[in-house]
Amino acid sequence: MRNRRWFRPAVGVAAALLVGVGLTGPAVPASAANPIITSIYTADPAPLVVGNTMYVYAGRDEAAVGENNFRMREWHVLSSTDANTWTHHGARASIATFGWAGADAWASEVEPRNGRYYWYTSVNGNGPGWMDIGVAVGDSPLGPFTDAKGGPLVSDSTPNSSGLNIDPTVFTDDDGQAYLYWGGYWGVRAARLKPNMIELDGPVVTPSGLTNFWEAPWMFKRNGLYYLMYAANDTNGCVTSSSYACQRYATATNPMGPWTQRGVVLDRVSSTTNHAGVVQFDGQWYMVYHTADAPGGGNFRRSVAVDRLYFNADGTMRKVVQTGGGPGPGPGQPPAGTNLAPSATASTSYVSPWESLAALNNGGVPANSADRGNLVYGNWPEQGTQWVEYTWPSARTVNRIATYWFDDNQGIDLPASCQVQYWTGSGYANVPGQSGCGVAGNAYNVTTFNPVSTSRLRLNVTARSGYSTGLLEWLAFQP
Ligand code: FUB
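These numbers come from a predicted model, not from an experiment.

Cut-offs used in this document
- One numbering rule holds for all chains: residues counted from 1, following each sequence as written.
- Local features in this predicted model are restricted to residues of pLDDT 70 or higher, and side-chain atom pairs are both shown and tallied only at a pLDDT of 80 or more, whereas totals for entire chains, interfaces and linings draw on every residue.
- By convention in this description, side-chain values take in all heavy atoms of the structure and omit both hydrogens and water.
- Numbering of helices and strands runs from the N terminus; a helix is a DSSP stretch of H or I covering at least four residues, while a strand is a stretch of E covering at least two.
- Note on method: radius of gyration uses C-alpha positions; expected globular size equals 2.2 Å times residues raised to 0.38.
- Accessible area is worked out with a 1.4 Å probe on protein chains only. A residue is then buried under 20% of its type maximum, exposed over 50%, and partly exposed in between.
- Any two residues having at least one pair of non-hydrogen atoms within 4.5 Å are treated as being in contact.
- For every accessible area listed, the method is Shrake-Rupley and the probe measures 1.4 Å; residues are considered covered only by the protein chains on display.
- Charge counting follows a simple rule: Lys and Arg are positive, Asp and Glu are negative, and His as well as the terminal groups are ignored.
- Charge coordinates come from a single atom per side chain, which is NZ of Lys, CZ of Arg, CG of Asp or CD of Glu.
- Cysteine sulfurs are considered disulfide-paired once they come within 2.5 Å of each other.
- Paired strands, as defined in this entry, are two strands with at least two bridges between them according to DSSP.
- Interaxial angle, 0 to 180 degrees, is taken between N-to-C directions of lines fitted to C-alpha atoms, where a helix line uses only the stretch in contact.
- Think of a nonpolar core as a cluster: buried Ala, Val, Leu, Ile, Met, Phe, Trp, Tyr and Cys residues, connected wherever their side-chain atoms sit within 4.5 Å.
- Nearness of a residue to a molecule or strand requires only that one of the residue's heavy atoms be within 4 Å of it.
- Two N or O atoms count as a polar contact when they lie within 3.5 Å, although within protein this holds only if one can serve as hydrogen donor and the other as acceptor, and sequence-adjacent residues are included solely when both atoms are side-chain atoms.
- Under the scheme applied here, ten amino acids are nonpolar (Ala, Val, Leu, Ile, Met, Phe, Trp, Tyr, Cys and Pro), four are charged (Asp, Glu, Lys and Arg), and all others, including Gly, are polar.
- For the purposes of this description, domain bounds are those given by an automatic or database domain assignment.
- Any two of the Phe, Tyr and Trp rings considered here, Trp counted by its six-membered ring, make a pair once their centres fall within 6.5 Å; the pair's planes then place it as stacked at under 30 degrees, edge-to-face at over 60, or tilted in between.

### Description of the overall build of the protein chain
Here comes step 1: Helix and strand content of the protein chain: 1 helix and 27 strands.
Here comes step 2: Taking 2.2 N^0.38 as the reference for a compact globule, 479 residues should give roughly 23 Å; the C-alpha atoms of the protein chain span a radius of gyration of 24 Å, in line with that estimate.
Here comes step 3: Each principal axis of the C-alpha distribution contributes one length, and for the protein chain these read about 75 × 45 × 40 Å.
Here comes step 4: Taking all 479 residues of the protein chain together, the buried fraction comes to 58%.
Here comes step 5: Nonlocal contacts in the protein chain, meaning residues at least 24 apart in sequence, comprise 60% of its contacts between residues at least 6 apart.
Here comes step 6: Carbon and sulfur atoms form 49% of the exposed surface of the protein chain, whose accessible area is close to 17,800 Å².
Here comes step 7: Of the side chains in the protein chain, 30 bear a positive and 34 a negative charge, and the two mean positions are spaced by 5 Å.

### Considerations on the state of the cysteines
Here comes step 1: What the rule picks out here adds up to 2 disulfides.
Here comes step 2: Between the sulfur atoms of Cys238 and its disulfide partner Cys246 the distance amounts to 2.2 Å. Since a negative S-S torsion denotes a left-handed disulfide, the Cys238-Cys246 link at about -120 degrees is left-handed. Comparing Cys238 with Cys246 shows no difference in burial state: the two are buried.
Here comes step 3: Taken N- to C-terminal, the disulfide-bonded cysteines of the protein chain are connected 1-2, 3-4.

### Focus on the pairing of strand β9 (residues 131-138)
Here comes step 1: Of all 8 residues that make up β9, 8 are buried, and the element is covered over most of its length.
Here comes step 2: Residues Met131, Ile133, Val135 and Val137 point to one face of β9 and Asp132, Gly134, Ala136 and Gly138 to the other, with burial holding for every one of them.
Here comes step 3: In this structure, strand β8 (residues 116-125) lies alongside β9, joined through 8 bridges in antiparallel fashion. Bridged to Tyr117 within β9 is Gly138.
Here comes step 4: With 2 bridges joining them, β9 and strand β10 (residues 146-147) adopt antiparallel strand pairing. In the strand pairing of β10, Ala136 is matched with Asp147.

### Regarding the sheet that holds strand β20 (residues 303-309)
Here comes step 1: What the 3 strands build is an open sheet, ordered β18-β19-β20; its pairing is antiparallel. One side of each edge strand has no neighbouring strand; the edge strands of this open sheet are β18 (276-281) and β20. Across the sheet, the mean angle separating the axes of adjacent strands is 25 degrees when strand polarity is ignored.

### Concerning the nonpolar core
Here comes step 1: Judged by nonpolar contacts, the single largest core of 33 residues is most densely connected at Tyr57, Trp75 and Trp119.
Here comes step 2: Listing elements by their share of this core, those giving two or more residues are β2 (41-50), β3 (53-61), β4 (74-80), β8, β9 and β14 (213-222).
Here comes step 3: A total of 3 residues in this core trace back to one element, the largest contributor, which is β8.
Here comes step 4: Judged by nonpolar contacts, the second largest core, of 28 residues, contains Ala341, Leu360, Leu414 and Cys418.

### Quick look at the site of the ligand
Here comes step 1: Close to the ligand lie 13 residues, the nearest being Asp44, Asp167, Glu215, His275 and Arg302.
Here comes step 2: One of the side-chain N or O atoms of Asp44 is found 2.5 Å from an oxygen atom in the ligand.
Here comes step 3: One of the side-chain nitrogen or oxygen atoms of Asp167 is found 2.6 Å away from an oxygen atom of the ligand.
Here comes step 4: Taken together, the residues that form the shell around the ligand break down as 6 nonpolar, 3 polar and 4 charged.

### Describing the domain arrangement of the protein chain
Here comes step 1: Examined at the domain level, the protein chain breaks down into domain 1 (14-309) and domain 2 (341-477).
Here comes step 2: If you average the C-alpha positions of domain 1 and of domain 2, the two centres end up 39 Å apart.

### So, the packing of aromatic side chains
Here comes step 1: Applying the stated criterion across every chain, the model contains 26 aromatic pairs.
Here comes step 2: Summarising the aromatic geometry, the rings of Tyr181 and Trp259 are spaced 5.9 Å apart at their centres and angled 85 degrees between planes, so their arrangement reads as edge-to-face. Taken together, the positions of Tyr181 in strand β12 (residues 178-182) and Trp259 in the loop between β16 (246-252) and β17 (260-266) put the pair 78 residues apart, joining distant regions of the chain.
Here comes step 3: Taking relative accessible area as the criterion, Tyr181 reaches 0% and is therefore assigned buried.
Here comes step 4: Looking at Trp259, the relative accessible area reads 4%, which means it is buried.
Here comes step 5: Judged by centre distance (6.4 Å) and plane angle (70 degrees), the ring pair of Phe220 and Phe311 falls under edge-to-face. Linking Phe220 in strand β14 with Phe311 in the loop between β20 and β21 (345-348), this pair joins segments that are 91 residues apart in sequence. Of the two residues, Phe220 and Phe311, both sit in the buried class.
Here comes step 6: Here the aromatic cluster, defined as three or more aromatic residues joined through ring pairs, consists of Tyr55, Tyr57, Trp75, Phe98, Trp100, Trp119 and Phe145.

### What to know about the side chain of Thr53
Here comes step 1: Among the secondary structure elements, Thr53 is positioned in strand β3.
Here comes step 2: A polar contact is formed between the side chain of Thr53 and the side chain of Asn52, at a distance of 3.1 Å.

### Observations regarding the sheet that holds β12
Pairing between the strands of a sheet comes from backbone hydrogen bonds, and it takes one of two forms, parallel or antiparallel.
Here comes step 1: Taken in spatial order, the 3 strands of this open sheet run β11-β12-β13, and their pairing is antiparallel. Sheet topology places β11 (169-172) and β13 (189-193) at the edges, where each strand pairs with a single neighbour. Geometrically, the sheet is characterised by an average inter-axis angle of 20 degrees between neighbouring strands, direction not taken into account.
Here comes step 2: Here β12 pairs with β13 via 5 bridges, running antiparallel. Note on β13: the bridge partner recorded for Ala178 is Leu193.

### A word on the environment of Cys437
Here comes step 1: Inspection of the secondary structure assignment puts Cys437 in the loop between β25 (428-430) and β26 (445-462).
Here comes step 2: Since its relative accessible area comes to 13%, Cys437 is described here as buried.
Here comes step 3: A sequence separation of 303 residues divides Cys437 from Gly134, and the C-alpha atoms of the two residues are 43 Å apart.
Here comes step 4: Discounting residues that sit within four places of it in the chain, Cys437 has contacts with Cys418, Gln419, Thr447 and Leu459.

Below, the structure written as structure tokens:
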């Protein structure tokens, strides 16, 4: 089949692989940057927020270097209370959790209900057929988890099931009705779940409007609108080679559709597969996805990453910027590191007489982008590109800035774009290797670049048409 990127391992091999799978492991610190864990390879992440904790459920990639096949036996759990530093809780389920299964611990997702946690998994059944969807259940987000049903929830013998029954996503609406979407090989399917969460409630349907669906659906709701994000691999705006995939998304006013495709929210990643989840945590939205970016990584040795996700005012999703640094600290919290801004002298192309340039490096802790509590810098009524600059008495090495933009919801708006420059000794040059210069509101935007040694660092800020720009804080970090 075209684009088939994996192969069914022989059952005998799979059974042998089961030996030694243990669901243990103490919680150990993982990472504060992307990938969020590098001690093992992880894939197909599914985030879940419970109280003040974000959990990420992910499969473990165990393929050897050069092996072109998924070798996956376990599902692991990570957690964080700031979406930035992660604790690895080890394997909390495996193919051994399902007595009827034999291999392939593929993508999964956990959905809470009535104090219990239902872990929907893609797994290879031992009998006829290929991939099935199983359900495990536990009394806490970390389990222990046991098989909730004693057999597949969806299999090849389920009427109208997908050509590849993988990648379950479960969404529970405000009225308590739960929905299951799943599928691969362009075959997306949907069904209602009974309140017991382990039986389909009604027929399997083929939802309409999920243009170019390939696999990996993820469903959520925001402001009354339903969102279905999924991996697509078309070459019509998604990827240039259909060996790779992007994340498209669609919206609907009914949880069973019809859906309207809205565009690409995550470009191709460094691995051929692209599998992601979206979650709101502590007032911010996050995209959790996988790449091949860990040392020694590859298409079958993937690693989970987390980055910020932003919505436009009309509910459309902005494309996620894939960073190596991770999503950064929570709202209002400055990024960690040595901030050189307090020892700099600030200057600018223009500051409104009633605002203050001192706002840039006075150590304020903004609550949001409209917070005037600790001086603000604004350049109204100037438009176009304006600049702010830090000067130090001698050269400093800098490789990162963080901007907290001012937005007064009047003449000053979030910028359209920004560019960091440095003084070379004879002129200004763009910093080398600059990541996307973030222009989001209500948070620090971290912009990274290759280290430069300079006595002057400049930030060029280009306004949206008809507006001026402003800053509440501008931090500049040494490596
Ligand atoms: O990890 C195995 C499979 O690769 C998943 O089920 C798909 O979504 C793709 O990521």
